[in-house]
Amino acid sequence: MRLPALLAFLSVALGSLLAQPVPRIDAPSMVWFQRGTTQQVTLTGEALGGASVVFVSGSGATGVLGAAVPIASSGSGVTLESSRGGLSIGTPAVGDAKSVTLQWMLTADATLGPRELRIATTNGVSNPVTLQVSDLPELQEREPNHSLADAQRISLPSGVSGVIRAATESDFFRFQGKAGERLLFDVQANRTGSPLDATLVLLDASGKELARSEDAHGLDPFLDFTPKADGEYVLRISDLRFQGGGNYAYRIVAGALPYLDRRFPYGGRRGTSVEVALSGIHLDGQDKLTIAIDSKAPAGAQDIRIRSARGSSNPLPFETGDLPEMLEIEPNNASTNAMPVTAPVVINGRVGAAGDVDTFRVTAPTDGKLVAEVRARRLGSPLDALLTLSDAKGVVLQRNDDASGPDARIEFDARKGTEYLLSLRDLTDRGGDAFGYRLSIQAPELTPDFAVRLSQDRVRIHAGGHVAVRCEVDRFNGFNGAIRVTGGKLPAGVSARTLVIGPDGPQSGWLVFSAEPKLQPGHHALAPQAEAIAREPGSRRIQHAAALPSTGYLSVLPELPYSVETVTSTLSLEQNGAGTVEVQVLRHPGFSGEVKVAAEDQSGVSIPTVTVPPDSARATLALSAAYNAEASIRSLQIRGEATVNGQAVATFAEGAIPVVVSPIPVFLTAMLPGSPFFRTDAVKLSVIALPASSDSPARLTEFVVKVDRRSFNGAIALKLEDLPEGVTANVEPLAEGSKLATIRLAASEKTAIKEHAFSVVGTFTAGDRIWHQRTQKVTLQVTAPEKEPAAPPAATTTAAAK
């Protein structure tokens with residue numbers, strides 16, 4: 001990250017800000033660029049107008065912004081006519097720009113690999129996009145190139161980027177080949193996240209197939225081809241499944257370039273030198289080299305490349321650490337010739353042939369746990385490791401093959417001086433020089449520790465306002481100290497209220513940032529910090545940077561014409577209970593819009609949003625705790641949302657409301673008979689309103705009340721509340737220890753024909769308190785009996801007239 005650019009302080013205009021949404025970059029016009037060049041890049045997305053600064057990670061790369069491109073006119077010739085005048089089709093605001101151009105400048109010594117790029121506009125910092133730095137001339141596919149006749153001409157060596165945009169589409173590239181010059185064609189697609197399952201075919205000038213590749217590196221093809229004669233040759237790339245689309249992207253690295261097929265070992269110890277054997281193509285006779293690893297080199301894996309007069313090779317990972325290292329020594333394929341090792345150690349080895357097994361006799365220096373972990377696939381090896389732990393007699397104790405992807409891991413209790421056998425092979429009995437690995441054997445990390453994660457990396461705060469960011473805590477190895485989270489180094493006028501998360505209760509909270517009124521807008525670095533005191537072993541201060549999803553930015557925006565404040569200071573709720581909090585809306589002169597007041601999500605507590613109309617300044621939020629909501633103290637963060645100049649904006653209340661959720665001793669729910677589960681959904685019953693004297697079962701129904709007993713095991717009296725007139729109930733008592741009661745209902749001709757709703761109330765005494773627990777509503781649909789058809793009229797005889 002370029003620090004001067006990151007800390008740039010930008011002035012913006014209030015009027016343009018309030019009509020702008022958050023900037024978003026969807027895609028760059030190019031992804032790959034040759035170092036030492038300057039090229040124009042177009043970023044497409046949303047709300048890119050007003051872009052003023054480019055943030056770039058790493059060194060040797062700079063972005064200089066050009067003009068933003070507004071939303072293009074439809075060109076349809078449509079006009080607007082209004083009945084009273086004063087309305088016309090306007091020009092989209094600059095904030096609505098769909099694209100922006102920049103000059104992408106790379107120095108000749110820019111580090112190869114990815115760069116994270118963002119732009120800052122008057123309304124904040126965008127999401128990141130990744131641009132790649134290469135040392136090859138980088139070409140873009142130019143359409144039409146979907147036939148042999150239309151093949152795009154390219155020069156070698158180069159990187160060629162394109163997209164298979166439609167089903168059955170093929171892209172063709174024509175190049176000049178020299179007799180006897182070995183050429184490589186490496187497709188990078190599926191490995192980089194593209195859905196393309198590529199097929200690469202090499203043709204002569206007439207279209208005759210000379211070579212083909214499909215799945216050399218996962219689903220990506222790789223061709224190694226040497227022309228027999230000078231002349232033109234053609235590459236054809238397509239999707240094996242005849243699929244395509246805008247995201248079916250690929251890059252072909254083509255030419256007589258260095259290529260690293262493998263290296264061994266895969267890593268080394270910091271502060272030492274390691275001789276690494278190399279195997280590949282166009283390495284100019286370099287079959288080994290010595291890598292000096294600085295004692296302060298970054299621990300973990302990083303990419304290495306071989307560079308020669310031909311250019312740079314493909315990258316391969318190389319891992320560094322601080323454990324003692326050793327090379328596997330053959331033969332060691334059985335318990336009788338197992339290689340002796342003492343933990344801690346990292347063993348660099350290879351499953352050298354099909355069916356090969358590498359066996360090690362491990363001795364623990366002390367009593368305690370040991371972890372044996374294979375790092376192979378993560379370092380580019382094809383090995384699918386199967387790791388087996390046995391005692392000295394060969395009795396299998398543990399076996400593992402997929403702890404981290406195809407890499408294996410075993411943790412076991414070791415005793416000092418006891419020998420264990422650890423054997424490693426490929427799960428499918430493959431092997432060869434490419435099947436390398438690093439096997440570490442060491443004690444697991446047992447030091448109590450913690451980590452803090454923030455939910456967002458782009459914080460936007462209005463001057464005079466507040467914003468709350470969710471924090472989550474992870475505790476390791478029994479760490480039980482209170483953790484303090486702060487905003488870190490913040491710009492003048494911005495502060496963050498320290499968040500303290502104790503060992504009990506929810507391991508999350510809200511870090512609230514506040515900005516002073518009339519603070520000048522701008523963009524700044526964001527790096528929240530966390531610290532705690534560990535009491536055991538010994539008293540020590542632990543400090544960590546809080547983890548963000550990506551590089552952190554804090555944007556100060558102009559003031560909003562409203563704010564929200566909490567009126568309620570605290571709230572106590574019981575599980576399955578309800579409560580309310582009061583919120584005040586403060587509107588500045590000139591603003592009279594409605595404000596939506598909401599609370600940030602609370603697990604197990606539902607809080608519907610309330611809209612405060614223009615003629616009101618108060619909101620009452622209704623909280624309802626679920627029957628199984630966690631009993632704890634939590635912070636309720638209040639947010640106010642409004643539309644200002646056509647743009648949705650939001651701010652937070654400065655203070656959070658402590659909400660105490662208390663446990664209940666029992667919970668009752670109504671259910672249909674026979675359900676094997678504890679259910680809380682609606683219960684719907686139906687009966688026919690027949691006379692009480694009727695013995696028809698149609699006037700009868702029943703349901704059950706089920707009890708979740710938590711801290712009370714005594715008797716519970718049950719009563720039906722709001723039972724409709726004309727319905728009688730037979731209620732079984734809930735005796736001590738009982739968890740189920742059946743309630744039978746009988747309708748009569750006096751029962752109203754409609755849908756009724758009632759509840760069951762359980763009453764009991766626990767802890768010197770009389771408790772009343774209600775079930776959810778039970779609905780009873782009462783219907784009228786079918787009317788019997790009327791009897792036909794009796795026959796009558798009419799006297800004959802005399």
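About the cut-offs
Residues numbered from 1 in each chain as written. Predicted model: local features only at pLDDT ≥ 70, side-chain atom pairs only at ≥ 80, totals over all residues. Heavy atoms only, no water. Helix = DSSP H or I, 4+ residues; strand = E, 2+ residues; numbered from the N terminus. Contact = heavy atoms within 4.5 Å. Areas by Shrake-Rupley, 256 points an atom, 1.4 Å probe, with all protein chains shown as cover. Lys, Arg positive; Asp, Glu negative; His and termini not counted. Charge placed at Lys NZ, Arg CZ, Asp CG, Glu CD. Pairing = 2+ DSSP bridges. Axes fitted to C-alpha atoms, helices over the stretch in contact; angles between N-to-C directions. Phe/Tyr/Trp six-rings, centres within 6.5 Å; stacked < 30°, edge-to-face > 60°. Buried < 20%, exposed > 50% of the residue type's maximum accessible area, 1.4 Å probe, protein only. Salt bridge = Lys/Arg side-chain N within 4 Å of Asp/Glu carboxyl O. Core = buried A, V, L, I, M, F, W, Y, C linked by side-chain atoms within 4.5 Å. pLDDT = per-residue confidence, 0-100.

Enquirer: When you look at the overall build of the chain in this model, what are you seeing that I'm missing?
Expert: The secondary structure content of the chain amounts to 2 helices and 68 strands. Expressed as lengths along the three principal axes of its C-alpha atoms, the size of the chain is roughly 130 × 90 × 90 Å. Long-range contacts, defined here as pairs at least 24 residues apart, represent 68% of the contacts in the chain between residues at least 6 apart. Carbon and sulfur atoms form 51% of the exposed surface of the chain, whose accessible area is close to 38800 Å². Here the chain carries 76 positive and 85 negative side-chain charges, and the mean point of each set is 3 Å from the other.

Enquirer: Help me understand the sheet that holds strand β17 (residues 222-225), please; the structure alone is not making it clear to me.
Expert: Strand-to-strand pairing in sheets goes through backbone hydrogen bonds, with the strands running parallel or antiparallel. A sheet is described by the order of its strands in space; here 5 strands give the open sequence β10-β12-β19-β14-β17, paired in mixed fashion. Both outer strands of the open sheet, β10 (138-140) and β17, are each paired with one neighbouring strand and no more. Averaged over all pairs of adjacent strands, the angle between their axes in this sheet comes to 15°, without regard to strand direction. By the bridge criterion, 6 bridges tie strand β12 (residues 158-163) to strand β19 (residues 249-255) in an arrangement that is antiparallel. Bridge pairing in β19 places serine 158 opposite alanine 254.

Enquirer: Explanation requested: the sheet that holds strand β47 (residues 540-545) in the structure shown.
Expert: Strand order in the open sheet made by the 4 strands is β43-β41-β46-β47, with antiparallel pairing throughout. In this open sheet, the two strands that pair with only one neighbour each are β43 (499-501) and β47. Mean inter-strand twist for the sheet, computed between neighbouring axes without regard to direction, equals 20°. Where strand β41 (residues 483-486) lies against strand β46 (residues 529-534), 4 bridges are found, and the strand directions are antiparallel.

Enquirer: Any chance you could explain the packing of aromatic side chains here in plain terms?
Expert: Pairs of aromatic rings are described using the distance from one ring centre to the other and the angle between the two planes. Evaluation of the coordinates by the stated rule reveals 15 aromatic pairs. Centre to centre, the rings of phenylalanine 55 and tyrosine 553 are 4.6 Å apart; their planes meet at 15°, and the pair counts as stacked. With phenylalanine 55 in strand β4 (residues 53-56) and tyrosine 553 in strand β48 (residues 553-557), this residue pair connects regions lying 498 residues apart in the sequence. Its relative accessible area of 1% is what places phenylalanine 55 among the buried residues.

Enquirer: Could you clarify how one ought to interpret the side chain of aspartate 384 in this entry?
Expert: The residue aspartate 384 is located in the loop between β32 (368-375) and β33 (385-391) in this model. No salt bridge forms around the buried aspartate 384; measuring N to O, its nearest opposite-charge neighbour arginine 377 is 5.0 Å away. Setting aside residues no more than four positions away along its own chain, aspartate 384 makes contact with Arg377, Asp401, Asp402, Pro406, Arg425, Asp426, Leu427 and Arg430.

Enquirer: Even after reading the chapter, I still don't get unusual backbone geometry, so can you show me in this structure?
Expert: With glycine set apart, most residues show a phi of negative sign, and most peptide bonds adopt trans. In this structure, the amide linkage connecting leucine 156 to the following residue, proline 157, adopts the cis form with an omega of 0°. Its location among the elements puts proline 157 in the loop between β11 (152-153) and β12. The peptide bond linking phenylalanine 264 to proline 265 adopts the cis configuration, its omega dihedral lying at 5°. In this fold, proline 265 is placed in the loop between β20 (259-264) and β21 (267-269). Positioned with a positive phi, lysine 518 is a non-glycine residue whose angle comes to about 60°. Relative to the helices and strands, lysine 518 is located in the loop between β44 (508-515) and β45 (522-525).

Enquirer: Is there a simple way to think about the nonpolar core in this case?
Expert: Where a protein is soluble and globular, its nonpolar side chains tend to be buried together. If you look at the biggest cluster of nonpolar residues, it comprises 32 residues, and the most contacted ones within it are Phe450, Val452, Ile483, Val485, Phe513 and Leu554. Elements supplying a minimum of two residues to this core: β38 (449-454), β39 (458-462), β40 (466-476), β41, β43, β44, β46 and β48. Those residues within four positions of valine 485 in sequence are excluded, and the remaining contacts are Val452, Cys471, Arg497, Thr498, Leu499, Leu511, Gln529 and Ala530.

Enquirer: Honestly, the pattern of salt bridges in this entry has me stumped. Any pointers?
Expert: For side chains bearing opposite charge, pairing can occur when the charged atoms are close. The full count for this structure, using the stated rule, is 43 salt bridges. One salt bridge connects glutamate 116 with arginine 118, and the closest N-O pair in it is separated by 3.6 Å. Of the two residues examined, glutamate 116 and arginine 118, each falls in the buried class. The partner of lysine 777 in a salt bridge is aspartate 722, with the nearest N and O atoms 3.6 Å apart. On the criterion of sequence distance, the pair formed by lysine 777 in the loop between β67 (769-774) and β68 (778-783) and aspartate 722 in the loop between β63 (717-721) and β64 (728-731) is long-range, its members being 55 residues apart. With relative accessibility at 44%, the residue lysine 777 sits in the partly exposed group. Residues joined by salt bridges that share partners form a network here, namely Glu116, Arg118, Asp457 and Arg458.

Enquirer: So what exactly am I meant to see when it comes to the environment of alanine 97 here?
Expert: Its place among the elements puts alanine 97 in the loop between β5 (61-69) and β6 (99-106). Alanine 97 sits 465 residues away from tyrosine 562 along the chain, and the two C-alpha atoms are 28 Å apart.

Enquirer: I'm lost on the environment of valine 125 in this one. Help?
Expert: For valine 125, the location among the structural elements is in strand β8 (residues 124-125). Residue classification places valine 125 among the buried positions, given a relative accessible area of 3%. Residues valine 125 and proline 23, spaced 102 residues apart in sequence, show a C-alpha to C-alpha distance of 6.7 Å. Each residue touching valine 125, except ones within four places of it in the same chain, is listed here: Pro23, Phe55, Arg118, Ile119, Ala120, Arg458, His523, Tyr553 and Ser555.

Enquirer: Help me understand the confidence of the model for the chain, please; the structure alone is not making it clear to me.
Expert: As a note on interpretation, predicted positions should not be read in detail where pLDDT is low. Summarising the model, the chain shows a mean pLDDT of 90, and 91% of its residues fall at 70 or more. Within the model, the stretch residues 797-802 combines pLDDT values under 50 with 0 contacts to residues more than four positions away or in other chains.

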